[in-house]
Amino acid sequence: MSAPAPGPRSGGELLVAQLQVYGVERVFMVPGESFLPCIDALYARRDTIEAVVCRQEGGAAYMAEAHGKLTGQPGICFVSRGPGATNAAIGVHTAREDSTPMILFIGQVGGDTADRQCFQEVDYRAMYAPLAKWVAQIERADRIPEYLARAWAIATGGRPGPVVLSLPEDMLSSVAEVALAAAPQPPCARPADADMLRLRELLEAAQRPLLLLGGSRWPAAAREAVRDFALRFDLPVATAWRRLELFDNDHPNFVGQVSASMPAHQKRAVLDSDLVIALGTRLCEPTTINYEWLASPTPRQTLVHIHPDANEIGRLCTPALGMVASVDGFAQAAAALAPTPG
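Residues numbered from 1 in each chain as written. Predicted model: local features only at pLDDT ≥ 70, side-chain atom pairs only at ≥ 80, totals over all residues. Heavy atoms only, no water.

Peer 1: Please set out the overall build of the protein chain residue by residue, giving values where relevant.
Peer 2: Scanning the protein chain from terminus to terminus reveals 12 helices and 14 strands. Relative to the 2.2 N^0.38 estimate, which gives 20 Å for 342 residues, the radius of gyration of the protein chain is 22 Å and therefore close to what a compact globule would have. Projected onto its principal axes, the C-alpha positions of the protein chain cover 70 × 40 × 35 Å. Taking all 342 residues of the protein chain together, 53% fall into the buried category. For the protein chain, contacts bridging at least 24 residues in sequence account for 73% of all contacts bridging at least 6. Put simply, the protein chain shows about 15,000 Å² of open surface, and 51% of that area lies on carbon and sulfur atoms. Within the protein chain, one finds 30 positive and 37 negative side-chain charges whose respective centroids are separated by 3 Å. (Helix = DSSP H or I, 4+ residues; strand = E, 2+ residues; numbered from the N terminus. Rg over C-alpha atoms; globule rule 2.2 N^0.38 Å. Buried < 20%, exposed > 50% of the residue type's maximum accessible area, 1.4 Å probe, protein only. Contact = heavy atoms within 4.5 Å. Areas by Shrake-Rupley, 256 points an atom, 1.4 Å probe, with all protein chains shown as cover. Lys, Arg positive; Asp, Glu negative; His and termini not counted. Charge placed at Lys NZ, Arg CZ, Asp CG, Glu CD.)

Peer 1: Could you give me a rundown of the environment of Thr94, with the residues and numbers involved?
Peer 2: Structurally, the position occupied by Thr94 is in helix H5 (residues 89-97). By relative accessible area, Thr94 is classed as buried at 12%. Along the primary structure Thr94 and Tyr62 are separated by 32 residues, whereas in three dimensions their C-alpha atoms are 8.0 Å apart.

Peer 1: I'd like to hear about the nonpolar core, residue by residue, with values.
Peer 2: Counting 37 residues, the largest nonpolar core has Leu15, Ile76, Phe78, Phe105, Leu148, Leu165 and Leu167 as its most contacted members. No other element matches the 7 residues that helix H7 (residues 144-156) contributes to this core. Leaving out residues up to four positions away in the same chain, Leu148 has contacts with Leu15, Gln18, Leu19, Tyr22, Phe105, Ile138 and Leu165. (Core = buried A, V, L, I, M, F, W, Y, C linked by side-chain atoms within 4.5 Å.)

Peer 1: Explain the state of the cysteines to me, using residue names and the numbers behind them.
Peer 2: Using the criterion set out here, one finds 0 disulfides in the structure. For the unlinked cysteine Cys77, the closest cysteine sulfur is that of Cys54, found at 7.2 Å. Using a relative accessible area of 0% as the deciding quantity, one classes Cys77 as buried. Just so you know, Cys317 is unpaired, no disulfide at all, and the nearest cysteine sulfur is the one on Cys284, 10 Å from it. (Disulfide = S-S within 2.5 Å.)

Peer 1: Break down the pattern of salt bridges for me, citing the residues and quoting the values.
Peer 2: Think of it this way: side chains of opposite charge can pair up when their charged atoms draw near. For the structure shown, the criterion picks out 14 salt bridges. One salt bridge in this structure joins Arg140 and Asp142, with 2.5 Å as the shortest N-O distance. Looking at Asp142, the relative accessible area reads 30%, which means it is partly exposed. Note that Glu146 is salt-bridged to Arg143, the shortest N-O span being 2.7 Å. For Arg143, a relative accessible area of 32% gives the class partly exposed. The structure contains a network of salt bridges with shared partners spanning Glu65, Lys69, Asp98 and Arg242. (Salt bridge = Lys/Arg side-chain N within 4 Å of Asp/Glu carboxyl O.)

Peer 1: Lay out the packing of helix H1 (residues 11-21) against helix H2 (residues 36-44) in plain terms, naming residues and giving numbers.
Peer 2: The angle between the axes and the distance between the axes are what describe a pair of packed helices. Put simply, H1 and H2 touch, their axes get as near as 7 Å, and they point 50° apart. Overall, the two elements H1 and H2 adopt an arrangement that is oblique. Of the two possible hands of crossing, H1 and H2 adopt the one that is right-handed. Residue-level inspection shows Gly12, Glu13 and Val16 of H1 in contact with H2, the latter providing Pro37, Cys38, Ala41 and Leu42. (Axes fitted to C-alpha atoms, helices over the stretch in contact; angles between N-to-C directions. Parallel < 35°, antiparallel > 145°, perpendicular 65-115°, else oblique. Left-handed = near helix turned anticlockwise from the far one by under 90°.)

Peer 1: Can you tell me about the sheet that holds strand E6 (residues 134-137), naming the residues and giving the values?
Peer 2: Pairing within the open sheet is parallel, and its 6 strands lie in the order E3-E2-E4-E5-E7-E6. Both edges of this open sheet fall to strand E3 (50-53) and E6, since each of them pairs with a single strand only. Adjacent strand axes in the sheet meet at a mean angle of 20° when their direction is disregarded. In the sheet, strand E4 (residues 75-79) pairs with strand E5 (residues 102-108) via 5 bridges, with the strands oriented parallel. What sits directly across from Ile76, in E5, is Ile103. Against the sheet, H1 contacts E4, E5 and strand E7 (162-168), and its axis sits at roughly 165° relative to E4. In the packing of helix H3 (residues 57-71) onto the sheet, the strands contacted are strand E2 (26-29), E3, E4 and E5, and the crossing angle to E4 comes to about 165°. (Pairing = 2+ DSSP bridges.)

Peer 1: Can you break down the environment of Leu70 residue by residue, with the values?
Peer 2: Mapped onto the secondary structure, Leu70 falls in helix H3. The class of Leu70 is exposed, set by a relative accessible area of 74%.

If you want it as structure tokens, here you go:
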């Protein structure tokens, strides 16, 4: 539900107030004159929202990406137009590759000078289109809650990733009276019961199964449930590239991090698998060991791919069993799955 509108506020004040409603406690930024109303609003909330001021936009974007990866909530970054926006592109690209929820706000020239190739003007919808899940420009202050709700839902839903919002100067300084909105909650998609029974059949028929963990938005409870699932079925566990934190690296069931550079004895355990259960991870160059371990389009192993975004299942490798489910949803279903007695 939306909260009652408290009175007219500037676009910058509305934007930061909406972030506060969403529970944002930290943002990363390089201050610039193109989003001064946001800076003023952040200063007014300095006791509740920490503004981490960075020396360079690439560092700010990397910090926001790391924050999103660690918390599962969108990392928030503010940068100025032109060079500020281009410097931040590397962090946005990393968030896209690593499925990290992130929102980048870019100060933009005002509507009165738009499309005149004025100082540091860039069309961010064109520039960021291949790097972000969604790119938009907010033209009216009264639509800020709408745009932020959509940005939050896109950044955290399906395969998480970065969203870029361009903020014209005159929009941020204009005044509007509009209600703020509650943060969207991504659905917790769960696998069908029949798919879980099929998974158990595949596990019990396999000689050398392997559980591959990856992706983002792993709640602590989901990690514990997946660990218990692996132990019940005595599964070797590997993690996708840059996802070592998803399983105890000292555990006897841990195989290692899947990549072309993994040690030979760990790589052998991966290459010899006859059943691969890929949970939460997309299949790409590192997770397929340069597309040789899990061949495209048809792997030689039996592949089970569980991912919250249906577009990722079968995109590179055709699975024997695909499940559209969040990590949390699968973990809840897996908690009730046990080997067949006897």
